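Take a look at the letters that make up each chain.
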Amino acid sequence: MLDKKHGALIFLNSAATGLLSPLLTLLLLDKGLSLAAVPLAVGLHSAVAVIFEVPSGMAADRWGRKNCFLVSLALLLPGLGLLALGRGMAAVLAAMAFQGLARAFSSGSLDALVVEEFLLKNGAEALPRCTARVSALTSVGLAVGCLAGGGVYALTGRLWTALALKGAAVLVLLVLGMGLAEHPVERAEGEENPVVQLAATLRSAGLVRALVLWSAAFAPALFAVEVFYQPRFTQLLGGGAAGWALGTLNAGAFYAAAAGSVLGPRLIRRPTLGRLLTVTAVVGLALMAMSAVGAPVLFVAVYFLFYVIVGWSDYLTSSLMNEAAPPSQRATLLSASSLSLQLGGLAASPLLSAGAAVGSVSQVWLAAGGALAVLMLAWLAVHALQARKTK
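These numbers come from a predicted model, not from an experiment.

J.: Can you explain the overall build of the protein? Please cite residues and give values.
T.: Scanning the protein for helices and strands turns up 15 helices and zero strands. The globule rule puts the C-alpha radius of gyration for 391 residues at 21 Å, and the 21 Å found for the protein is close to it. Seen through its C-alpha atoms, the protein measures out along the principal axes to roughly 60 × 50 × 35 Å. Across the 391 residues of the protein, 50% fall into the buried class. Pairs at least 24 apart in sequence give 84% of the contacts found in the protein among residues at least 6 apart. Per element, the accessible surface of the protein, about 17500 Å² overall, is 69% carbon and sulfur. Each charge class in the protein was averaged separately, 25 positive and 16 negative side chains, and the resulting centres sit 8 Å apart.

J.: Which residues make up the side chain of Ser 56, and what values do they have?
T.: Inspection of the secondary structure assignment puts Ser 56 in helix α3 (residues 38-63). Aside from chain neighbours lying at most four places away, what touches Ser 56 is Cys 68, Ala 104, Phe 105 and Ser 335.

J.: Would you mind going over the packing of aromatic side chains in detail, with residue names and values included?
T.: If you walk through the whole model with that rule in mind, you get eight aromatic pairs. Ring geometry for Phe 299 and Tyr 303: centres 5.9 Å apart, planes at 20°, overall stacked. One end of the pair is Phe 299 and the other is Tyr 303, both in helix α13 (residues 296-324) and four residues apart, which spans about a single turn. We classify Tyr 303 as buried; its relative accessible area is 1%.

J.: Tell me about the pattern of salt bridges, and name the residues and values.
T.: Charged atoms that come close allow side chains of opposite charge to pair. Overall, the coordinates contain two salt bridges when judged by the stated rule. Across the pair Glu 116 and Arg 65 runs a salt bridge whose closest N-O atoms are separated by 3.7 Å. Separated by 51 residues along the polypeptide, Glu 116 in helix α6 (residues 109-122) and Arg 65 in helix α4 (residues 65-85) bring together distant segments of the chain. Each member of the pair, Glu 116 as well as Arg 65, is classed as buried. A salt bridge links Arg 270 to Glu 323; the shortest N-O distance between them is 2.8 Å. Note that Arg 270 is positioned in the loop between α11 (243-267) and α12 (273-292) and Glu 323 in helix α13, a separation of 53 residues in sequence. By relative accessible area, Arg 270 is classed as partly exposed at 45%.

J.: Help me get a handle on the nonpolar core, residues and values and all.
T.: Counting 99 residues, the largest nonpolar core has Val 225, Met 290, Phe 299, Tyr 303, Phe 306, Tyr 307 and Trp 365 as its most contacted members. For this core, the element with the highest residue contribution is helix α10 (residues 207-236), accounting for 14 residues. Beyond its immediate sequence surroundings of up to four residues, Met 290 is in contact with Val 225, Phe 299, Val 302, Tyr 303, Phe 306 and Trp 365. Grouped together as the second largest cluster of nonpolar side chains are five residues, Val 50, Val 54, Met 58 and Ala 336 included.

J.: Quick one: what's the story with the packing of helix α7 (residues 127-156) against helix α8 (residues 159-178), residue by residue and with numbers?
T.: Across the interface, α7 lies against α8 with an axial gap of 8 Å and an inter-helix angle of 140°. One way to sum up the angle between α7 and α8 is to call them oblique. Here the hand of the crossing between α7 and α8 comes out right-handed. From α7, Gly 149, Val 152, Tyr 153 and Thr 156 reach across to α8, where they touch Leu 159, Thr 161, Ala 162 and Leu 165.

J.: For the state of the cysteines, give the residues involved together with the corresponding values.
T.: The final tally for this structure, using the stated rule, is zero disulfides. Of the cysteine sulfurs around Cys 130, a residue in no disulfide, the closest is that of Cys 68, at 19 Å. The class for Cys 130 is buried, based on a relative accessible area of 1%.

J.: Residues and numbers for the environment of Leu 305, please.
T.: Note that Leu 305 resides in helix α13. C-alpha separation for the pair Leu 305 and Leu 287, spaced 18 residues apart in sequence, amounts to 9.6 Å.

Parameters at a glance
- Residues numbered from 1 in each chain as written.
- Predicted model: local features only at pLDDT ≥ 70, side-chain atom pairs only at ≥ 80, totals over all residues.
- Heavy atoms only, no water.
- Helix = DSSP H or I, 4+ residues; strand = E, 2+ residues; numbered from the N terminus.
- Rg over C-alpha atoms; globule rule 2.2 N^0.38 Å.
- Buried < 20%, exposed > 50% of the residue type's maximum accessible area, 1.4 Å probe, protein only.
- Contact = heavy atoms within 4.5 Å.
- Areas by Shrake-Rupley, 256 points an atom, 1.4 Å probe, with all protein chains shown as cover.
- Lys, Arg positive; Asp, Glu negative; His and termini not counted.
- Charge placed at Lys NZ, Arg CZ, Asp CG, Glu CD.
- Phe/Tyr/Trp six-rings, centres within 6.5 Å; stacked < 30°, edge-to-face > 60°.
- Salt bridge = Lys/Arg side-chain N within 4 Å of Asp/Glu carboxyl O.
- Core = buried A, V, L, I, M, F, W, Y, C linked by side-chain atoms within 4.5 Å.
- Axes fitted to C-alpha atoms, helices over the stretch in contact; angles between N-to-C directions.
- Parallel < 35°, antiparallel > 145°, perpendicular 65-115°, else oblique.
- Left-handed = near helix turned anticlockwise from the far one by under 90°.
- Disulfide = S-S within 2.5 Å.

Quick look at the structure:
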């Protein structure tokens, strides 16, 4: 079983991340930004996170996952302070830069520490149980955070209450994080520079490279749903007031992903690349099905099913990456996979935008889902042929 303290940290860290998720645009507008300037502020957050994603993972592998996790929490505090007390574009941009740095430093550090400590106590054969639990706790934490942030705002009518709640959660995380125990990762004498190591790992035709490429290939379909589910659902409701329903739908997606993470080990006990490719092809088929539904209730059902399968795929890829990654590169490679996912989404955004401009959301989803299913099935066929040749 996962250590209770580790589980509590993962859940609380994810919940803290979700607290401002449903309120971010409102918060930025309240700080004096125009609606047109909001994407600029959010884009800065994403850009900073992308730039520092891999360097922060290398730092975690080099100087300790606990230290980098504590750095990420410390970076959140000035960002929250600026959002609470500052006003205007300069204050908001500085706050978003701090938030982006914090996200980069937290992305691979805590997960790598938890997995490493679990493996030391339980052995590699128990890894799927660990990754499934981590994925489930992350998804449930995000959902609880979204509901708590929206709920506090609904009860008080004050945006600062959600900021205060997140600040309190960060302080609790700092106290708990300082008490973390971390076994130092053994390093070979004369070990290469981490940048050289990463480049060598990604150049070699192994499982790690395949998983990083998978993240980039998977991103466009996931990004298409995240960008367009709100207008599509609102359209299906006939343009009526859908705010409460969208909030519930957003939280429900995290719970559905958590359910997929929990079901994953029961459906596939031994993750393999071939099984990951098969499940990802099913994700594409689910997106195609979602593109075809025309009733709100049916849309919700298929939407949740989509995220159940996404959670299942997350369990598989997390298990495979943690199994394939050398301990001295674990946080770096987890960050590289996260970076690949983000870059895949960014690269797809112009295509998704063009598709929505000339067609409908349903047509974009049909194309994205079909492309993902075809790509994964083709990759699966090539993988099967290669496996036969090596026998």
